[in-house]
Amino acid sequence: MTTGGFTCRTRTLDSGAVPLLSAGELPYSGMMNQKPAPASKEQPLVILTTSRLILRAAVEEDISILQNLIFGDSEVMRFAFAGAPMAKDAAEDFIRRSFTFGESLTRMAVLSEKPAGEAIGFAGLSPCHALKADDFEIGFVLARWAWGKGIATEIGEAQLAFGFDQLKCSRLLGLVDPRNAPSIHALEKLGMRYLETIAEPKRGNRSIYVIGAGDWRRRHAE
């Protein structure tokens with residue numbers, strides 16, 4: 001495990017390279033409690049894709065969709081955030097403050113499934129200070145009907161590749177409710193190892209899982 005401070009960065013894509021992203025990289029947007037971002041009226045920025053999934057910036061229409069799929073579902077929210085559904089106004093405020101609307105490639109973003117592009121949840125690399133350093137944590141929250149399909153592992157792998165290859169992070173974290181066995185299993189499948197359990201403000205107890213860039217590269221070289 002690498003124990004240094006913030007080492008993730010953005011970079012400019014070579015003009016002749018085939019990019020992982022659909023557009024030029026944008027600067028890191030800062031902390032999640034900044035001024036709420038306005039929704040984009042243009043085609044949403046695609047951050048990354050996998051064989052089945054698209055991770056893209058949010059647009060205005062996603063707010064009500066995510067409220068119904070995720071934030072208003074007590075079963076989905078049982079181990080997420082404060083552990084209870086959010087009211088409509090609270091969910092909208094959270095989305096505007098915590099999601100990227102195209103101004104950044106980090107923060108939470110809408111996860112959709114190919115080929116129709118139907119939203120199935122959200123994921124993304126978000127700033128994290130759980131270990132008293134400027135880290136990023138990977139994350140994924142899926143609609144109930146998307147559970148059990150290997151989607152968490154697929155988007156988790158893509159986020160690790162993005163964090164290590166694109167942002168040049170030295171380590172990435174995953175924070176999970178200690179009672180959430182399926183998510184713990186997904187993090188362990190990604191090669192992340194348990195470090196410690198902390199009391200996270202506004203989120204309750206969270207087990208921290210970590211993987212360093214070197215461990216990730218060795219794992220993918222095998």
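Before reading on, note that the structure itself is shown above.
Summary of the structure given here.

Here's the deal with the pairing of strand E6 (residues 135-138)
- Here E6 shows no split at all, with Asp135 and Glu137 on one side and Phe136 and Ile138 on the other all buried.
- What sits between strand E5 (residues 126-128) and E6 in their antiparallel hairpin is a turn of six residues, with lysine 132 showing a positive phi close to 60°.
- In the sheet, E6 pairs with strand E8 (residues 171-176) via two bridges, with the strands oriented parallel. Paired with isoleucine 138 across the strands is glycine 174, a residue of E8.

A word on the side chain of arginine 56
- On the secondary structure map, arginine 56 appears in strand E2 (residues 53-56).
- Relative accessible area serves as the criterion here: at 12%, arginine 56 is assigned to the buried category.
- Of the polar contacts made by the side chain of arginine 56, one reaches the side chain of aspartate 62; its length is 2.8 Å.
- Setting aside residues up to four positions removed in sequence, arginine 56 forms contacts with Pro44, Leu45, Val46, Ile47, Asp62, Ala109, Val110 and Ser112.

A short note on the environment of glycine 117
- Within the secondary structure, glycine 117 is located in the loop between strand E3 (109-113) and strand E4 (118-123).
- Residue glycine 117 is classed as partly exposed on the basis of its relative accessible area of 28%.
- A C-alpha to C-alpha distance of 7.4 Å links glycine 117 and isoleucine 54, two positions 63 residues apart in sequence.

Concerning helix H3 (residues 151-166)
- An ideal rise of 1.5 Å per residue puts 22 Å on 16 residues; H3 measures up with 21 Å between its terminal C-alpha atoms.
- Here H3 lies mainly inside the structure; 13 of its 16 residues are buried.
- Lysine 168 occupies a position one or two residues after H3 and carries a positive phi of about 60°.

Quick look at the pattern of salt bridges
- Overall, the coordinates contain 15 salt bridges when judged by the stated rule.
- A salt bridge links aspartate 177 to arginine 179, with the nearest nitrogen and oxygen atoms 2.9 Å apart.
- Exposure remark for aspartate 177: the relative accessible area of 6% places this residue in the buried category.
- Judged by relative accessible area, arginine 179 falls into the exposed class, the value being 58%.
- In this structure, the salt-bridge partner of arginine 206 is aspartate 177, at a minimum N-O distance of 3.6 Å. Of this pair, arginine 206 sits in strand E10 (residues 204-212) while aspartate 177 sits in the loop between E8 and helix H4 (181-189), and the two are 29 residues apart along the sequence. Comparing arginine 206 with aspartate 177, the two get one shared label, buried.
- Overlapping salt bridges bring together Glu60, Glu92 and Arg96 as one network.

Considerations on the nonpolar core
- Core analysis: the biggest nonpolar cluster contains 37 residues, and Ile138 and Ile155 have the highest contact counts within it.
- Apart from residues lying up to four places away in sequence, isoleucine 138 is in contact with Gly124, Leu125, Gly156, Gln159, Leu160, Leu172, Leu173, Gly174, Leu187, Leu190 and Met192.
- One finds Ile70, Val76, Ala91 and Phe94 within the second-largest nonpolar core, a separate group that totals 22 residues.

A short note on the sheet that holds strand E1 (residues 46-49)
- Pairing is antiparallel across the open sheet formed by five strands, whose spatial order is E1-E2-E3-E4-E7. The sheet terminates laterally at E1 and strand E7 (140-142), the two strands that pair on one side only. On average, each strand axis in the sheet is tilted by 30° relative to the strand beside it, whichever way the strands run.
- One ladder, built from three bridges, connects E4 with E7; its direction is antiparallel. Of the residues in E7, the one forming a bridge with alanine 123 is phenylalanine 140.
- This element, helix H1 (residues 62-71), spans E2, E3, E4 and E7 of the sheet and lies at about 75° to E4.
- Relative to the sheet, H3 contacts E1, E2, E3, E4 and E7, its axis offset from that of E7 by approximately 155°.

Calculation notes
Residues numbered from 1 in each chain as written. Predicted model: local features only at pLDDT ≥ 70, side-chain atom pairs only at ≥ 80, totals over all residues. Heavy atoms only, no water. Buried < 20%, exposed > 50% of the residue type's maximum accessible area, 1.4 Å probe, protein only. Helix = DSSP H or I, 4+ residues; strand = E, 2+ residues; numbered from the N terminus. Pairing = 2+ DSSP bridges. Polar contact = N/O pair within 3.5 Å; in protein donor to acceptor, adjacent residues only side chain to side chain. Contact = heavy atoms within 4.5 Å. Expected span 1.5 Å × (residues − 1). Salt bridge = Lys/Arg side-chain N within 4 Å of Asp/Glu carboxyl O. Core = buried A, V, L, I, M, F, W, Y, C linked by side-chain atoms within 4.5 Å. Axes fitted to C-alpha atoms, helices over the stretch in contact; angles between N-to-C directions.

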